[in-house]
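Residues per chain are reported as follows:
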Amino acid sequence: MPIEFSQIIIFLGLASVVGLVIYNFRLNNRSSPPEADEQKSYKIIHDAIKKAQAILASAELGAIKEVAETKMVLREELTQAEQEYLNYLKFLKENADSAKNAGDEAIRQRVENIFVKFEERLSDFLAQTQKESVEAIDLEIKAARQLLDTYKQQQLKMIDENIVAMLERTLALVLAKKLTLSDQVDLIYEALERAKAEKFII
Amino acid sequence: MNILNIILANTYTLPDLKHRLRILRAYLEDRVFGNKNQVFESQDENWLNSLPLDLLNQFNKDNLTSLLENLEQQINELHPLVLYLSFEPDQNTITSISSWIRQNLSQKPVLEIKYDPSLIGGCALVKEGIYKDYSIKAKIEEQKDLILQEFKKYIT
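Residues numbered from 1 in each chain as written. Chains lettered and ligands numbered in written order. Predicted model: local features only at pLDDT ≥ 70, side-chain atom pairs only at ≥ 80, totals over all residues. Heavy atoms only, no water.

Undergrad: Would you take a moment to explain the overall build of chain A for this structure?
TA: When helices and strands are counted, chain A shows 3 helices and 0 strands. Its helices and strands taken in sequence order, chain A reads α-α-α from the N to the C terminus. A burial count over chain A gives 11% of its 202 residues as buried. Carbon and sulfur atoms make up 62% of the accessible area of chain A, which totals about 16500 Å². (Helix = DSSP H or I, 4+ residues; strand = E, 2+ residues; numbered from the N terminus. Buried < 20%, exposed > 50% of the residue type's maximum accessible area, 1.4 Å probe, protein only. Areas by Shrake-Rupley, 256 points an atom, 1.4 Å probe, with all protein chains shown as cover.)

Right, dumping it as structure tokens:
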């Protein structure tokens, strides 16, 4: 249990009071001693007082010394504690900084990874989309080309099928107005000649 | 005396032949039975008047019907040459065509004229059920591939 400075002062104070009481008691209760005894008593008391004062001084000194030592110890311990606290704070700070840096680095790395993956996926997606778009467009173009070819073939087929009819109709409309009766009869004679040549009619 | 050959001398088509048989029947009935009921058109009257007297004198009350029936049967047994033309010919044109046929062919068929404007020009013939097309339309069909080639030069 650490000695408190106030307790020492109180103890010294009580010791002084006791000494003074004893002094007063002896002073009051003394009978008419002879001068030598009185002088002896005074000397004893004086010595006691001196010793008490010396003890008191010693005690005070001891107390002061104790207090000083205690203060020094406390100061040293405080300084040590403060240093340890500072070291601990420094340690905590370093740890925190390290953890923060590690965390920042991890976050940065993660974000970087996310962005890299995002870029890769976006690039893949765009490439895939482009490929699908190109394929779809190619299919549309192919279908349109096929449709055009089919239409062209159909039109040519219609022309093939109808050109003779168109020509016949055109000639019928034109020649009916252009051919004279004599021309018609000549054509009939020509037809009959061919029939005769083929021996269809004899 | 072959009555049909005499009639066919200036009768070219089957409808005309049947028509002349009808007017001959009417005329002979009047002549043989002494009636004067029939009135004929001028061209029919002209034809009747062109018939030789010998031919008309063959008919009497007894054989009129049989001879006419026989004549009708001969006419029904004829195989006319069907002529499809792209126009409706008048009598002169029919006469010209028939004259050409009789001059140029050994057989002298009676004609049956039909109208088919799609032929454009020339004619198509049907003989004993066989159809042959000698018209301009047939010529176009024959040259179809060549015509298409020529047309395609302008399209492609």
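Let us keep going from here.
Undergrad: What is the right way to look at the packing of helix α2 (residues 14–33) of chain B against helix α3 (residues 42–50) of chain B in this model?
TA: Two quantities define a packed helix pair, namely the angle between the axes and the distance from one axis to the other. Residue and element names in this part refer to chain B. Viewed as axis vectors pointing N to C, α2 and α3 meet at an angle of 70 degrees, and their least axial separation amounts to 11 Å. Here α3 runs roughly perpendicular to α2, going by the angle between their axes. Residues His19, Arg20, Ile23, Leu24 and Tyr27 of α2 pack against Asp44, Trp47 and Leu48 of α3. In terms of residue class, the contact of α2 with α3 is made up of 5 nonpolar, 1 polar and 2 charged. (Axes fitted to C-alpha atoms, helices over the stretch in contact; angles between N-to-C directions. Parallel < 35°, antiparallel > 145°, perpendicular 65-115°, else oblique. Contact = heavy atoms within 4.5 Å. Nonpolar A, V, L, I, M, F, W, Y, C, P; charged D, E, K, R; others polar.)

Undergrad: Can you help me understand the nonpolar core in this one?
TA: Across soluble globular proteins, nonpolar side chains show a tendency to be buried alongside one another. Ranked by size, the top nonpolar core spans 24 residues in total, and within it B:Leu24, B:Phe59 and B:Leu71 carry the most contacts. Secondary structure elements with two or more residues in this core: α1 (3–8), α2, α3, α4 (53–57) and α5 (64–76) of chain B. With 8 residues, the single largest contributor to this core is α2(B). Ignoring any residue separated from it by four or fewer positions in sequence, one finds B:Leu24 in contact with B:Ile7, B:Trp47, B:Leu48, B:Leu51, B:Leu56 and B:Leu71. A:Leu192, A:Phe200, B:Ile101 and B:Leu125 belong to the second largest nonpolar core, which has 20 residues in total. (Core = buried A, V, L, I, M, F, W, Y, C linked by side-chain atoms within 4.5 Å.)

Undergrad: In this structure, what is going on with the interface of chain A and chain B? I would like to understand it.
TA: Accessible area lost upon the coming together of the parts serves often as the stated size of an interface. Opposite the 28 residues of chain A that make contact, chain B presents 36 residues. Summing both sides of the interface, chain A and chain B together bury roughly 3100 Å²; the carbon and sulfur share of this comes to 73%. Of the charged contacts in the structure, one is a salt bridge between B:Lys139 and A:Glu190, with a shortest N-O distance of 2.8 Å. For the pair chain A and chain B, the number of links is 9 residue pairs in polar contact (both at pLDDT 80 or more). Per-element tally for the side of chain A that touches chain B: the top contributor is helix α3 (residues 181–197) of chain A, with 13 residues. (Buried area = accessible area lost by both parts, 1.4 Å probe. Salt bridge = Lys/Arg side-chain N within 4 Å of Asp/Glu carboxyl O. Polar contact = N/O pair within 3.5 Å; in protein donor to acceptor, adjacent residues only side chain to side chain.)

Undergrad: Sorry, what's going on with the pattern of salt bridges here?
TA: Two side chains with opposite charge may pair up if their charged atoms get near one another. In this structure the tally under the stated criterion is 10 salt bridges over all chains. Residue B:Glu72 pairs with B:Arg25 through a salt bridge whose shortest N-O separation is 3.2 Å. Here the residue B:Glu72 occupies a position in helix α5, and B:Arg25 occupies one in helix α2, the gap between them amounting to 47 residues. Assessed through its relative accessible area of 33%, B:Glu72 is described here as partly exposed. B:Lys153 serves as the salt-bridge partner of B:Glu150, at 3.2 Å between the closest nitrogen and oxygen. Residue B:Glu150 and its partner B:Lys153 are both found in helix α8 (residues 144–155); the two are separated by 3 residues, about one turn of the helix. Its relative accessible area of 36% is what places B:Glu150 among the partly exposed residues. Its relative accessible area of 60% is what places B:Lys153 among the exposed residues. When salt bridges with common partners are traced through the structure, they connect A:Glu105, A:Arg108 and A:Glu112 into a single cluster.

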